[in-house]
Amino acid sequence: TSFGMLKGGVSANLMSLGALDFGLIVDGAVIIVENCLRRLGEQQHRLGRLLDRDERFGLVASASAEVIKPSIFGIIIITAVYLPIFALEGIEGKTFHPMAITVVLALTAALILSLTLVPAAVALFVTGKVDEKENWLMRRLGSGYRPLLDRALAWPKAAVAIAVLLVAIAGVGATRLGSEFIPDLDEGDITMHAMRIPGTSLTQAVDMQLQIEKRLERFPEVERVFSKLGTAEIANDPMPPSVADTYIMLKDRKDWPDPRKPTNELVEQFSKAANELPGNNYEFTQPVKMRMNELIAGVRADVAIKLFGDDLDQLIKSGGAIEDVVGSIPGAEDVKMEQVTGLPMLSVTPRREMLARYGVSMSDVQDAVATATGGRQAGELFDGDRRFAVVVRLPEALRTDLTALGNLPVALPGGGSVPLAEVADISLAAGPNQISRENGKRRAVITANVRNRDLGSFIDQLRAKVDADVELPDGYYVEYGGTFEQLQSAATRLQIVVPLVLFLIFGLLFTLFGSVKDAAIVFSGVPLALTGGVAALALRGIPMSISAGVGFIALSGVAVLNGVVMLSFIRDLRERGQPLMAAIGEGALTRLRPVMMTALVASLGFVPMALNVGTGSEVQRPLASVVIGGIISSTILTLLVLPALYALVHRREEAADKPPARQSEDGMAPAVA
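1. What about the overall build of the chain?
Reasoning step 1: Each helix and strand in the chain was counted, giving 24 helices and 15 strands.
Reasoning step 2: Whereas a compact globule of 673 residues would reach a radius of gyration of roughly 26 Å, the chain reaches 37 Å, over 25% beyond that.
Reasoning step 3: With respect to the principal axes defined by its C-alpha atoms, the chain has extents near 145 × 65 × 45 Å.
Reasoning step 4: Across the 673 residues in the chain, those meeting the buried criterion constitute 47%.
Reasoning step 5: Summarising the internal contacts of the chain: among those between residues at least 6 apart in sequence, 76% fall at separations of at least 24.
Reasoning step 6: As displayed, the chain offers around 33300 Å² of accessible surface, 59% of which is attributable to carbon and sulfur atoms.
Reasoning step 7: Averaging the positions of the 64 positive and the 73 negative side-chain charges in the chain gives two centres separated by 6 Å.

So, in structure tokens, the structure goes:
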């Protein structure tokens, strides 16, 4: 339990810190400050002088009012997209709830400060001349953007068709990324689960464990090795003497002979060295991951195939067939079936005809065997206030010696004794090691770890191959357990909640614009933003996971923000009487700087997460990669496809609003001088 709490706490804290992307927090402030500075520069240029205090305060107030509505709605939408995360339950909920709470609180505070502190600070402190000359970067971007915008507006259908094609390609590519619950953390240490023949004595198990530890300590990457064997006094993790947890503590990577060696390669070397020692089976994992898997599915491996049935022998037979199938799938490592049988058992079977001949009862034989092997209290020894039981039984060496047990005397009714071998058959036979039940059915579990492959595609191939190659008797069935169950649970819940939140976003956009068409135009930024996220995952070779899914959720809000800013300005220009194409061109060019600024600050805020290689970076990397890739594609949409789509949608309205040309008396249109 402590390991599970540690896992949840570490992941939650890492994701909470990672969620503090300062780009998202300052987006609202960037939009307001940019518009205020633009208006101040234009007014100073128009008047040819600096503005006095009252003029400056009034102009900042009006400039803030121009963009305050899209800023508020943009931040509200970004906040709203995090609502599905609160619907997650179980481990994924505990992992990502702190992140969602952090983002929502940070964005709420940022919204309040953007509406109050930022405009006041601009009015108070921007007192000098505001130079509206573009820097070299914006001049370069503007000169490159203008011809691209002209082409997009000249062929709007082609621009929209290309966007639709990219979305379709991304949809197909998303199905081939693979999937996993949460990326494996590189914990920096390794755990080896050593399993021996059931019934191995404690002395023998300790000797074998010391041999393994000495073998592993020879590796230069290993700092120390220690083990946990058997069951402690507080049995929160009970194990027989034949099973041991070996913790391999590694040195810092800078102290390795080859710091770039992958951990999986080192594990393979450990496995090869350990398998040179006979009498052991091994399973390699990581300390926290092992406890995490055990808490989720009751096994320590990544995948658990649970076989249910009634007959123990049939379970062993069918389980062996499934074990062979699992071992043949690429990516499967440490494949084994739990030790259902193999425990040596002393079997004493009385011979009834001999008992009758000697006049010995069955209970006499049972009492003799029980006393010799299990022991019987013969008295008590007092030492002051302390009391000790006096137990009579054979020494341990004789308790497993069939010859010695055969010579055990059994008392006769008339006096004297007879050897136990005369009245009973004594043998050592392999019996059940454990009989596990789940939901009232006997169960055998086949486990496997997955390396160098995503978990989702492994499970899909495993299910198909087991169904095709393993024929189970009537009444026997298979269930699959492991972390992928949490992935399926979270995905099922998100499939319900995410569409509701997207509908909420569309409703907010409709409230802002009062037009279904304009709301749909801005909302179209979501699918193309997801295109960039899928491309980023594919380029970095990262499978789909809950972490990446949270990134897509966050991206949906960011993708809408820039569309809201640009479309609000274009609509404002049209309301002032500008023609459609002129309003689109001026609005797109004027909004280039705030769009690029918000995109850059949002994406740059995620760069440390995307490039991080420290502890927990495996969880942060998918989220950051999705957001950065999505912001790139979303910016392209906002700058090129959104103006083209707006022109395509509103072109007919513009034509309908134009008055028809006045005709002359002969029905011909007047000539234009």
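2. Remarks on the pairing of strand β1 (residues 189-195)
Reasoning step 1: Among the seven residues of β1, seven are classified as buried, and the element is accordingly described as predominantly covered.
Reasoning step 2: Note that β1 and strand β3 (residues 243-250) share seven bridges and pair antiparallel. Counted as the bridge partner of Ile190 is Ile248 from β3.
Reasoning step 3: Where β1 meets strand β4 (residues 281-285), five bridges bridge the pair, whose relative direction is antiparallel. Paired with Ala194 across the bridge in β4 is Tyr282.

3. What about the pattern of salt bridges?
Reasoning step 1: Throughout the structure, instances matching the rule amount to 20 salt bridges.
Reasoning step 2: A salt bridge links Glu283 to Lys336; its shortest N-O distance comes to 3.8 Å. Highlighted residues: Glu283 in strand β4 and Lys336 in strand β6 (residues 332-337), separated in sequence by 53 residues. As far as the burial class goes, Glu283 and Lys336 line up, both buried.

4. Thoughts on helix α8 (residues 202-216)
Reasoning step 1: Taking 1.5 Å as the rise per residue, α8 with 15 residues should run 21 Å; its terminal C-alpha atoms sit 21 Å apart, in good agreement.
Reasoning step 2: Listing the buried residues of α8 in full gives Ala205, Met208, Gln209, Ile212, Glu213, Arg215 and Leu216. Buried residues of α8, seen end-on, are gathered within an arc of 160° and therefore sit on one face of the element. Exposed residues pointing more than 90 degrees away from the buried face of α8 are listed as Thr203 and Lys214.

5. Re the packing of helix α18 (residues 483-513) against helix α21 (residues 546-575)
Reasoning step 1: The contact between α18 and α21 brings their axes to 12 Å, and the two run at 10°. Of the possible angle classes, the one that applies to α18 and α21 is roughly parallel. On α21, the residues touching Leu487, Ala490, Leu494, Val498, Leu502, Ile505, Leu509, Leu512 and Phe513 of α18 are Ile546, Ile553, Ser556, Val560, Val564, Leu567, Ser568 and Arg571.
Reasoning step 2: Within the contact of α18 with α21, the residues separate by chemical class into 14 nonpolar, two polar and one charged.

6. Let's talk about the side chain of Gln209
Reasoning step 1: You can see Gln209 is positioned in helix α8.
Reasoning step 2: On the basis of relative accessibility, which here comes to 3%, the residue Gln209 falls in the buried class.
Reasoning step 3: If sequence neighbours within four positions are ignored, Gln209 has contacts with Ala194, Arg196, Ser227, Ala244 and Thr246.

7. A closer look at the confidence of the model for the chain
Reasoning step 1: Averaged over the chain, the pLDDT score is 80; the fraction of residues at 70 or greater is 91%.
Reasoning step 2: Mean pLDDT in the chain bottoms out at helix α1 (residues 2-19), which sits at 41, and peaks at strand β9 (residues 386-392), which reaches 90.
Reasoning step 3: Of the regions scoring below 50 in pLDDT, residues 1-20 engages in 32 contacts with residues more than four places distant in sequence or in other chains.
Reasoning step 4: Segment residues 659-673 is flagged for pLDDT under 50; beyond a separation of four residues in sequence, or across chains, it makes six contacts in the model.

8. A look at the nonpolar core
Reasoning step 1: One finds Tyr82, Ile85, Leu509, Val560 and Met566 to be the most contacted residues of the largest nonpolar core, which totals 97 residues.
Reasoning step 2: Ranked by the residues each element gives to this core, the list is headed by α21, at 16 residues.
Reasoning step 3: Those residues in contact with Ile85 that sit more than four places away from it in its chain are Phe96, His97, Ala100, Val550 and Ile553.
Reasoning step 4: Ile305, Leu307, Ala448 and Val450 belong to the second largest nonpolar core, which has 25 residues in total.

What counts as what
Residues numbered from 1 in each chain as written. Predicted model: local features only at pLDDT ≥ 70, side-chain atom pairs only at ≥ 80, totals over all residues. Heavy atoms only, no water. Helix = DSSP H or I, 4+ residues; strand = E, 2+ residues; numbered from the N terminus. Rg over C-alpha atoms; globule rule 2.2 N^0.38 Å. Buried < 20%, exposed > 50% of the residue type's maximum accessible area, 1.4 Å probe, protein only. Contact = heavy atoms within 4.5 Å. Areas by Shrake-Rupley, 256 points an atom, 1.4 Å probe, with all protein chains shown as cover. Lys, Arg positive; Asp, Glu negative; His and termini not counted. Charge placed at Lys NZ, Arg CZ, Asp CG, Glu CD. Pairing = 2+ DSSP bridges. Salt bridge = Lys/Arg side-chain N within 4 Å of Asp/Glu carboxyl O. Expected span 1.5 Å × (residues − 1). Arc of directions from axis to C-beta. Axes fitted to C-alpha atoms, helices over the stretch in contact; angles between N-to-C directions. Parallel < 35°, antiparallel > 145°, perpendicular 65-115°, else oblique. Nonpolar A, V, L, I, M, F, W, Y, C, P; charged D, E, K, R; others polar. pLDDT = per-residue confidence, 0-100. Core = buried A, V, L, I, M, F, W, Y, C linked by side-chain atoms within 4.5 Å.

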